[in-house]
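# Architecture at a glance
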Amino acid sequence: MSYQTFSLQVDQQIAHLQLNRPDACNAMNKAFWQEFPEALKALDTEAEARVLVISSQGKHFSAGMDLEIFTQPDPQMFNGEAGRRAEAVRRLVMQLQTCFNLLEEIRMPVISAVQGGCIGGALDLVCATDMRYCTAEAYFTVKETELGMTADLGTLQRLPQLIPSGLARELAYTARKLSADEALKVGFVNRVYPTQEAMLDDVMDIAAQITSQSPLAVTGCKQMINYARDHSVQDSLSYMATWQAGMFQPEDMMQTFSAKMSGKAPEYKPLRKIAAPFSGK
């Protein structure tokens, strides 16, 4: 499929979604909020890709929410009786949250590769990815605070899980920029690169390493790590045992051992496509 706000290709089991509105600093307009979840669901359904890389064109990764969302709002959204108006706004925010929640819910790991500014809603996005990499001039900012609103799409929930809570609060309260060097120091990003080209080369190499592993083992790692973040150690261990009881199968391990003996790369079966309920496919 083709999209207005980004390009999407799958090559050698690596999906690359690249924001392609550089003249608008890759701001997230209304079309983005429709297309982005559709693309993620399609990738997860087809199961052709085993890892997703998200990058962008131009000077900045993304300026976050497009100003058209604020300057040209739905006139029905903010009019009418107060209780129903509030319920509609709450539902809209939750719908937008779902767009980034999908990054955690899809079966494949997601890698974000950031250059320049990662601002507002873009920070919500990258906080929901499994791994983050950036260029030396990159920066991250909770821009919403400076605009007079509270960030509402996941940064305030996820960022304190990724960096020290005190620093997350400082960034949220002040809206100051988190530089690439500081982001690396506190573990928010895995690596910093001198150029975007160097970053993408290395990120694609990391993605290729992921695709060389058993997709069942990799998705199990993602499921377990995300579950452990939100539950106690004991609950997470119990869920791990339950997962292993159902998902652990010797076929992939035999494939690994056979490949090591033969000196060839193992060829793991892909995850199954997600069929529609009762479709029989």
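Here the structure is shown first, and the text comes after it.
To start, this report covers the structure provided alongside it.

Calculation rules
- Residues numbered from 1 in each chain as written.
- Predicted model: local features only at pLDDT ≥ 70, side-chain atom pairs only at ≥ 80, totals over all residues.
- Heavy atoms only, no water.
- Helix = DSSP H or I, 4+ residues; strand = E, 2+ residues; numbered from the N terminus.
- Rg over C-alpha atoms; globule rule 2.2 N^0.38 Å.
- Areas by Shrake-Rupley, 256 points an atom, 1.4 Å probe, with all protein chains shown as cover.
- Lys, Arg positive; Asp, Glu negative; His and termini not counted.
- Charge placed at Lys NZ, Arg CZ, Asp CG, Glu CD.
- Pairing = 2+ DSSP bridges.
- Salt bridge = Lys/Arg side-chain N within 4 Å of Asp/Glu carboxyl O.
- Buried < 20%, exposed > 50% of the residue type's maximum accessible area, 1.4 Å probe, protein only.
- Axes fitted to C-alpha atoms, helices over the stretch in contact; angles between N-to-C directions.
- Parallel < 35°, antiparallel > 145°, perpendicular 65-115°, else oblique.
- Left-handed = near helix turned anticlockwise from the far one by under 90°.
- Contact = heavy atoms within 4.5 Å.
- Nonpolar A, V, L, I, M, F, W, Y, C, P; charged D, E, K, R; others polar.
- 1 Å grid on protein atoms, 1.4 Å probe; cavity = no way out; pocket = protein on both sides within 12 Å on 5 of 7 lines; lining within 4 Å.
- Points joined across faces, edges and corners; volume = space filled by probe spheres on them.
- Phe/Tyr/Trp six-rings, centres within 6.5 Å; stacked < 30°, edge-to-face > 60°.
- Lys NZ or Arg CZ within 6 Å of the ring centre and 35° of its normal.

### Some remarks on the overall build of the protein chain
- The helix and strand tally for the protein chain stands at twelve helices and nine strands.
- Against the compact-globule benchmark of 19 Å for 281 residues, the protein chain has a radius of gyration of 20 Å, which places it among compact chains.
- By principal-axis analysis of the C-alpha atoms, the protein chain measures approximately 65 × 50 × 45 Å.
- If you sum the accessible surface of the protein chain, you get close to 15300 Å²; carbon and sulfur atoms cover 55% of it.
- Between the mean site of the 26 positive side-chain charges and the mean site of the 32 negative ones, the protein chain shows a separation of 4 Å.

### Some words on the sheet that holds strand S5 (residues 117-119)
- Here we have three strands laid out as an open sheet, ordered S5-S7-S8, and mixed in their pairing. At either margin of the open sheet sits one strand with a lone partner, and together these are S5 and strand S8 (178-179).
- Relative to S8, strand S7 (residues 139-141) is paired through two bridges, and the arrangement is antiparallel. Bridging from a neighbouring strand, Phe140 pairs with Leu178 of S8.

### Concerning the pattern of salt bridges
- Applying the stated criterion to the full structure yields 14 salt bridges.
- Between Arg107 and Asp44 there is a salt bridge, with the nearest N and O atoms lying 3.1 Å from each other. Taken together, the positions of Arg107 in the loop between helix H3 (82-105) and strand S4 (110-114) and Asp44 in helix H1 (residues 30-46) put the pair 63 residues apart, joining distant regions of the chain.
- For Asp44, a relative accessible area of 12% translates into the label buried.
- A salt bridge links Asp130 to Lys222; its shortest N-O distance comes to 3.3 Å. Separated by 92 residues along the polypeptide, Asp130 in the loop between helix H4 (121-127) and strand S6 (131-135) and Lys222 in helix H10 (residues 215-230) bring together distant segments of the chain.
- Overall, Lys222 belongs to the buried group, its relative accessible area being 4%.

### Quick notes on the packing of H1 against H3
- Direction vectors running N to C along H1 and H3 enclose 30 degrees, while the axes themselves pass 9 Å from each other. When the axes of H1 and H3 are compared, the pair comes out roughly parallel. Crossing hand, H1 versus H3: left-handed. Only Leu96, Cys99, Phe100, Leu102 and Leu103 of H3 make contact with H1, whose side of the interface consists of Phe32, Trp33, Phe36, Pro37, Leu40 and Lys41.
- In terms of residue class, the contact of H1 with H3 is made up of ten nonpolar, no polar and one charged.

### Observations regarding the layout of surface pockets
- Counted as a void, the second largest pocket has a volume near 390 Å³.
- Listed by contribution, the elements that provide at least two residues to the lining of the second largest pocket are S6, helix H6 (155-162) and H10.
- The element best represented in the lining of the second largest pocket is H10, accounting for six residues.

### Things to note about the packing of aromatic side chains
- In this structure the tally under the stated criterion is nine aromatic pairs.
- Ring geometry for Phe140 versus Phe188: centroids 5.1 Å apart, planes at 85 degrees, classification edge-to-face. On the criterion of sequence distance, the pair formed by Phe140 in strand S7 and Phe188 in the loop between helix H8 (180-185) and strand S9 (191-193) is long-range, its members being 48 residues apart.
- Phe188 sits in the buried class, given a relative accessible area of 0%.
- Three or more aromatic residues joined by ring pairs form one cluster here, namely Tyr3, Phe6, Phe32, Trp33, Phe36 and Phe100.
- The ring of Phe188 carries Arg132 above its face, with NZ or CZ at 4.9 Å from the centroid.
- Positioned above the aromatic ring of Tyr139, the side-chain terminus of Lys177 is 4.2 Å from the ring centre.

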